[in-house]
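Overview (structure and organization)
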Amino acid sequence: MIIKIDECLDVPIYMQIRNQIVMGISSGELKPGEQLPTVRALAMEIGINTMTVSKTYQLLKSEGYILTDRKNGARVRSEIEQSGKLSEAQASELRRIVSEARLSGVSKETIVKLIDECY
């Protein structure tokens, strides 16, 4: 999986990495149990500070997407807990996106179609 950072975005780099890894897991590009690059390797590949990658991995671990240990490094969890619900933060972000789309003149049908494509 190739991680791409856009320094022009307002989204912090650690969140850009986090989001791309979550999308990779969701799409199946990253398989359950798959080894992620070491903190140093990913930082060197992207050209960022190791602390940024470490922060990303800590966040992904706390969210339940990856497991980390000193011996095996970071791996995609084999079983990701499925609550069947969006968190309040996720629901708020979705409301923001839908509101911005509505203000931009995007129809509900177009939004629903896009969600279907993403799902």
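Residues numbered from 1 in each chain as written. Predicted model: local features only at pLDDT ≥ 70, side-chain atom pairs only at ≥ 80, totals over all residues. Heavy atoms only, no water.

Notes on the overall build of the protein chain
Summing up its helical and strand segments, the protein chain has five helices and two strands in all. Along the protein chain, from the amino end to the carboxyl end, the secondary structure elements read α-α-α-β-β-α-α. Dimensions of the protein chain, computed from C-alpha atoms along their principal axes, come out at roughly 50 × 35 × 25 Å. Considering the protein chain as a whole, with its 119 residues, one finds that 24% of them fall into the buried category. Partitioning the intrachain contacts of the protein chain with sequence separation of at least 6 by distance along the chain shows that 48% fall at a separation of at least 24. For the protein chain, the exposed area adds up to about 9100 Å²; of that, 54% sits on carbon and sulfur atoms. The average position of the 16 basic charges and that of the 16 acidic charges among the side chains of the protein chain differ by 6 Å. (Helix = DSSP H or I, 4+ residues; strand = E, 2+ residues; numbered from the N terminus. Buried < 20%, exposed > 50% of the residue type's maximum accessible area, 1.4 Å probe, protein only. Contact = heavy atoms within 4.5 Å. Areas by Shrake-Rupley, 256 points an atom, 1.4 Å probe, with all protein chains shown as cover. Lys, Arg positive; Asp, Glu negative; His and termini not counted. Charge placed at Lys NZ, Arg CZ, Asp CG, Glu CD.)

Some points on the packing of aromatic side chains
For the coordinates displayed, the defined rule picks out zero aromatic pairs. The residue whose ring lies beneath Lys55 is Tyr14, and the NZ or CZ to ring-centre distance is 4.2 Å. (Phe/Tyr/Trp six-rings, centres within 6.5 Å; stacked < 30°, edge-to-face > 60°. Lys NZ or Arg CZ within 6 Å of the ring centre and 35° of its normal.)

Considerations on the pattern of salt bridges
Per the counting criterion, the structure on display carries four salt bridges. The partner of Glu93 in a salt bridge is Arg96, with the nearest N and O atoms 2.5 Å apart. Here Glu93 and its partner Arg96 are both found in helix α4 (residues 88–103), three residues apart, which amounts to about one turn of the helix. We note a salt bridge from Arg96 to Glu100, for which the minimum N-O separation is 2.7 Å. Highlighted residues: Arg96 and Glu100, both in helix α4, separated by four residues, approximately one helical turn. Put simply, Glu93, Arg96 and Glu100 are held in one network by salt bridges that share partners. (Salt bridge = Lys/Arg side-chain N within 4 Å of Asp/Glu carboxyl O.)

Any functional reading would require information beyond the geometric quantities listed.
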